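Observations on the three-dimensional arrangement
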Amino acid sequence: MEQKSYTILYVDDEEINLKFFAATFSWEYHVLTALSAEEGLTIFKEHEIDLVVADQRMPGMSGVQFFEQIYQLNPEPARILLTGYGDLETLVQAVNQGKIFHFFHKPWAEEELQRLFERALQIRMLQRENERLIQHLQQTNENLSRALGEVETLTTMLEEENQLLREEVNESFNFDDMVSHSPVFQEVLHRTARVAVTDATVLITGETGTGKELLARAVHRLSHRRQKPFIKINCAALPAQLIESELFGHEKGAFTGATSARPGRFELAHQGTIFLDEIGDFPLELQAKLLRVLQEGEFDRLGATRTTKVDVRVITATHVDLNAAVQQGRFRADLFYRLNVFPLHTPPLRDRKEDIPLLVRHFVKKYAVKNGKVIRRISKKTYQLLEAHHWPGNIRELENVIERGIIMSKGDKFKVDDWLLEDPARSRKTPGESGAIESLEENERIHILRALQQTNWRVTGDQGAARLLLINERTLQSRIRKLQIRRPNGADD
Ligand SMILES: Nc1ncnc2c1ncn2[C@@H]1O[C@H](COP(=O)(O)OP(=O)(O)OP(=O)(O)O)[C@@H](O)[C@H]1O
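Rules and cut-offs
- Residues numbered from 1 in each chain as written.
- Predicted model: local features only at pLDDT ≥ 70, side-chain atom pairs only at ≥ 80, totals over all residues.
- Helix = DSSP H or I, 4+ residues; strand = E, 2+ residues; numbered from the N terminus.
- Buried ≥ 20, exposed ≤ 12 C-beta atoms within 10 Å, placed from the backbone.
- Near = placed C-beta within 6 Å.
- Core = buried A, V, L, I, M, F, W, Y, C linked by C-beta atoms within 7 Å.
- Contact = placed C-beta atoms within 7 Å.
- Pairing = 2+ DSSP bridges.
- Axes fitted to C-alpha atoms, helices over the stretch in contact; angles between N-to-C directions.
- pLDDT = per-residue confidence, 0-100.

Side note on the overall build of the protein chain
A count of helical and extended segments in the protein chain gives 20 helices and 14 strands. For the protein chain, buried positions account for 30% of its 493 residues.

Points about the site of the ligand
Taken together, 18 residues form the shell around the ligand, and within it Val 179, Thr 208, Gly 211, Lys 212 and Glu 213 come nearest. For the shell around the ligand, the secondary structure elements donating two or more residues are helix 8 (212-222), helix 14 (356-370) and helix 16 (394-408).

So, the nonpolar core
Note on soluble globular proteins: their nonpolar side chains tend to be buried together. Membership of the largest hydrophobic core comes to 38 residues, with the highest contact counts inside it found for Val 202, Ile 204, Phe 266, Ile 274 and Leu 276. Residue contributions to this core peak at four residues, all from helix 7 (residues 183-196). With residues near it in sequence (within four places) discarded, Val 202 still touches Val 195, Val 219, Ile 315, Phe 342 and Leu 344. Within the second largest apolar cluster, 33 residues are counted, among which are Phe 66, Ala 94, Val 95 and Phe 101.

Some details on the sheet that holds strand 1 (residues 7-11)
Spatial ordering of the open sheet is given by 2-1-3-4-5, a layout of five strands whose pairing is parallel. Taken across any chain shown, the strands that pair with only one partner, and hence form the sheet edges, are strand 2 (30-34) and strand 5 (102-105). The mean inter-strand angle of the sheet, taken between neighbouring strand axes irrespective of direction, is 20°. Bridge analysis of strand 1 against strand 3 (residues 51-55) gives four bridges, and the strand direction is parallel. Residue pairing across strands places Leu 9 opposite Val 52, the latter belonging to strand 3. Of the strands in this sheet, strand 1 and strand 2 touch helix 1 (residues 15-25), which is tilted by about 175° from strand 2.

Describing the pairing of strand 12 (residues 342-346)
A regular strand carries its side chains on alternate faces of the sheet. Here strand 12 shows a buried face lined by Phe 342, Leu 344 and Thr 346 and an unburied face lined by Pro 343 and His 345. Summarising the sheet, strand 6 (residues 202-206) and strand 12 pair through five bridges and their orientation is parallel. Residue pairing for strand 12: Thr 205 is matched across the bridge by His 345.

Thoughts on the confidence of the model for the protein chain
As a note on interpretation, predicted positions should not be read in detail where pLDDT is low. For the protein chain, per-residue confidence averages 83 on the pLDDT scale, and 86% of positions sit at 70 or higher. Scored below 50 in pLDDT, residues 159-174 shows 27 contacts in the model against residues more than four places distant or in partner chains. Two numbers describe this predicted complex: its pTM, 0.57, and its ipTM, 0.98.

Pasting the structure below:
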């Protein structure tokens, strides 16, 4: 890194601190100093600054307030806050909103601060490199958006469009296997591309089914670790004792049943990436151990007498508010800061409905191939219906609806009827229902009954209820007998 080409602005109301800072870092960087936040803002407007460092406690304007204004002027340069005391809530908020890159407790040690600068400036360098690329991408996206608009108009006019031609246009929007052209998600993808090439820890937040795991995999694939393992663990799916041995491994005899030594997932992910899904459920008693791996890159296997060292990039995801968990004492604040170095948020599908047509075509193509069907047209009403839906289960729900629709489709035209959008598990619209909560068995009976109604009482084959319910035909036949489901007289063939 050519460090001398970077300019650091340091703001502090104590002159002695400014002098000391300048004397320490002028060897490496071009250092500008300001005695007040106001003066700092003036300098920031007049120079090209790569990194801003400020003291939190200053008269008139605090460091966080100063960074808010800096952020408005230009969000690109990294912002590092020096703080002597912990206004935890303000700091958490500021880190969360991306208002500060990092905060650092005073008194600072030269080496540590230097390391932080290097990291921040490395990101800055990549930002500069990427700016040109992003501009190019934006231009391409605008062109593609226009092209898509024209394709959509044609679709409306003709309603039945050749599916393959349209797919060729859509392919251009792919970010690996992520389909999207909404500005809100494009921004997420740009941020993803930027952070992927660094080693920063990433925290992905978002509702269920919004593509958090897909994004984590994209970060890995775009990183220099792409040839090394990507290891996933779902923290909600395992009890605390198991998480510890799964993640950190164990030695022979560490606990009853540990008949041989086993490496944990951190070791398996060496030089690669580990993805901790549902990190909000990570047991409190293990959080210090996780923090140690993040900070020192080392841990002890269960029952071990020596320490293991690893080089692993950590990505975490959650659909719960980790801030609230910190406030409630269920999550360590220091771990939260370490995980939240670079936050990414996957917006819910209802906030990016313009992506729905693209996603629909993507999934129709995928499931048509999987089910050996040829789909050439998608009805206009289907698009309207899908765009009007609220999608509480987000993209996963959309994908499931389309898979069910493809299984049920006849001919080369794909359409979705209202009933497909009802969640069969939650639906209360079966004839004869009172609306009261039924037993599990009664619910199963109703569910099978509905599937049979949809398939005209056909159980087996491509158009049968077993396929619709995604269960084995023999299993369905035995459930029908057990639940004494009978076809009413006069039902259609
Ligand atoms: N942009 C996208 N393009 C295509 N498919 C997508 C996109 N986003 C998500 N999907 C698909 O939606 C499904 C859900 O995605 P994923 O598992 O990544 O979500 P998630 O947010 O991790 O869910 P959860 O919180 O429930 O674990 C997957 O099958 C994924 O392939």
